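Given next are the chains, with one letter for each unit.
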Amino acid sequence: MSKITSFHPPERTLMGPGPSDVHPRIREALSRPTIGHLDPCFVDMMEQTKSLLQYAFQTSNELTMPVSAPGSAGMETCFANLVEHGDKVIVCQNGVFGGRMKENVERCGGIPVMVEDTWGEAVDANKVAEALKNNPDASILAFVHAETSTGAQSDAKTLVELAHEHDCLSIVDAVTSLGGTALKVDEWKIDAIYSGTQKCLSCTPGLSPISFSEAALERVRNRSSKVQSWFLDLNLVMGYWGSGQQRAYHHTAPVNALYGLHEALVMLQDEGLENAWQRHHINHLSLRAGLETLGLDFVVREQDRLPQLNAVSIPQGIDEAAIRRELLNRYNLEIGAGLGALAGKVWRIGLMGYASRAENILLCISALGTLLNEAGQSVDTGAALNAAQSVLNAHS
Ligand SMILES: *Cc1c(COP(=O)(O)O)cnc(C)c1O
């Protein structure tokens, strides 16, 4: 074997479905000295992280903390703790991630009742109401707020209200919405929610912020069986993340990764949550003006579009994978491919967190325009750049 040397990744611009660009401040925070995970200084930082997360989620829920693993583990934490054998769970599916919720319910021994919507559309509240009415024994409603596989946003407030009218708890996937689009856990009375650090928080992948309401915690405390996952059992995890200095060892926290999250949340606090939502919105309008001038059509109808995930159809006769490869090779720019039902049919262009900024929009439009022209589409890249820039000017 030849001698292996250090790995130095290229500097990319990450405009896919995640991970998104990590802010330099966060990269610096990750390299600070590692200290013990029970060091009083570290415990103080954990408490700050919890309050910053409460701000990001807009909640006063006591149980608000990051799970030491990526978004998928946050998803699993919600299902493993709240679903017991034989529990009926209404699961909405309008993309890839609803399908994973179904898997989770099944693996917890629960019975999923699926409410299906076309990929690219929001969850239909009427269908959910119907399913809740037809399944009075259901105990949970689960849905994805921001479906990253399609770019559609669902009306979380209305869906949670419906759940409560039928005495169900709600489990909400906010992996892509947190920090990028309006999300109000207490006002919308969400019971259990999970997110991720690598989408709109501009942080590295690998942590999953969660928040549980008192009602959800009550359900966890009163389970008739043990949570089958030792690692994700909140009754045990809270011995470490619970309040005060009385912390017991559960697992070694990912110390430096948590510095990164802390820094990301300080940045969100400094920018202001509403300002972050507004920035994602304006940058979406700018990117959209450019993409539409390039002749690209959005998959999701206007009122359901996520600002941070822009799914557009591939023009006829274009080799979509070749374009993505060239974007990466020539421009160090990553955009996302279609997933599941939309594989090969769409590009997914993310404007998440630190990636949601003017220079990225202009780079993406000019690079895409150039490659589309080379591939035989006759598009006006200059006009597209002007269209994107005028939106930015109008809001500056
Ligand atoms: C990315 C994503 C996940 C999974 O998060 P990982 O960090 O990749 O495990 C779950 N749900 C949605 C909607 C996502 O976009």
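Sequence positions are assigned chain by chain, starting from 1 and proceeding in written order. Local features in this predicted model are restricted to residues whose pLDDT is 70 or higher, and side-chain atom pairs enter the listing and the counts only when it is 80 or higher, whereas totals over whole chains, interfaces and linings include all residues. Think of the side-chain values as coming from all heavy atoms in the structure, minus any hydrogens and water.

Within this scheme a cavity is a closed region of a 1 Å grid, computed over the protein atoms alone, that accommodates a 1.4 Å probe without allowing it to escape, whereas a pocket is open but has protein on both sides within 12 Å along at least five of seven lines; lining residues each have an atom within 4 Å of a point. Grid points are joined across faces, edges and corners, and a volume is the space filled by probe spheres set on the points. The calculated volume of the largest pocket comes to roughly 440 Å³. Lining the largest pocket are 17 residues, with P10, E11, R12, L14 and R27 positioned closest to its centre. Side-chain classes follow a simple rule in which Ala, Val, Leu, Ile, Met, Phe, Trp, Tyr, Cys and Pro form the nonpolar group, Asp, Glu, Lys and Arg form the charged group, and the remainder, Gly included, forms the polar group. Residue composition of the lining of the largest pocket, grouped by class: 8 nonpolar, 4 polar and 5 charged. Looking at the lining of the largest pocket, you find at least three residues from each of domain 1 (24-269) and domain 2 (273-394). Estimates place the volume of the second largest pocket at around 200 Å³. Throughout the structure description, domain borders are defined by an automatic or database domain assignment.

Glancing now at the site of the ligand. We call a residue near a given molecule or strand whenever any one of its heavy atoms falls within 4 Å of it. All residues adjacent to the ligand are P70, G71, S72, F97, V144, A146, T148, D173, V175, T176, Q198 and K199. T148 is positioned such that a nitrogen or oxygen atom in its side chain is 2.3 Å from an oxygen atom of the ligand. By the criterion applied in these results, polar contacts are pairs of N or O atoms within 3.5 Å in which, for protein atoms, one can donate a hydrogen and the other can accept it, and in which residues neighboring in sequence qualify only through two side-chain atoms. Interatomic distance of 2.7 Å between a side-chain N/O atom of D173 and a nitrogen atom of the ligand. For the ligand, whose free accessible area comes to 380 Å², the fraction covered by protein is 88%. For the shell around the ligand, the residue count by class is 5 nonpolar, 5 polar and 2 charged. The Shrake-Rupley method, run with a 1.4 Å probe, gives the accessible areas here. Residue values count only the displayed protein chains as cover.

Once that is clear, we can look at the nonpolar core. Here the nonpolar core consists of buried residues drawn from Ala, Val, Leu, Ile, Met, Phe, Trp, Tyr and Cys, with membership extended through side-chain atoms lying within 4.5 Å. We call a residue buried when its accessible area falls under 20% of the maximum for its residue type, exposed when it is over 50%, and partly exposed in between, using a 1.4 Å probe and counting protein chains only. By size, the foremost hydrophobic cluster in this structure holds 85 residues, and its most contacted members are F42, F79, L82, V128, I171 and F212. A total of 9 residues in this core trace back to one element, the largest contributor, which is helix α9 (residues 255-271). Both domains that furnish three or more residues to this core are identified here as domain 1 (24-269) and domain 2 (273-394). Residue contacts are counted whenever heavy atoms from the two residues lie within 4.5 Å of one another. Not counting residues within four places of it along the chain, the set of residues in contact with F79 comprises M101, N104, V105, C108, A142 and I171. For the purposes of this entry, the term helix denotes a DSSP run of H or I that reaches at least four residues, the term strand denotes a run of E that reaches at least two, and both are numbered from the N terminus.

Another aspect to go through is the state of the cysteines. Two cysteine sulfurs form what is called a disulfide whenever their separation falls within 2.5 Å. Using the criterion set out here, one finds 0 disulfides in the structure. The thiol of C203 is unpaired, and the distance to the nearest cysteine sulfur, on C200, comes to 13 Å.

Moving on to the pattern of salt bridges. For salt bridges, the criterion is a side-chain nitrogen of Lys or Arg within 4 Å of an Asp or Glu carboxyl oxygen. Summed over all chains, the structure comprises 23 salt bridges. Taking the shortest distance from any N to any O, the salt bridge between R324 and E320 comes out at 2.8 Å. One end of the pair, R324, and the other, E320, are both in helix α11 (residues 320-331), 4 residues apart, so they sit about a helical turn from each other. The class for R324 is partly exposed, based on a relative accessible area of 23%.

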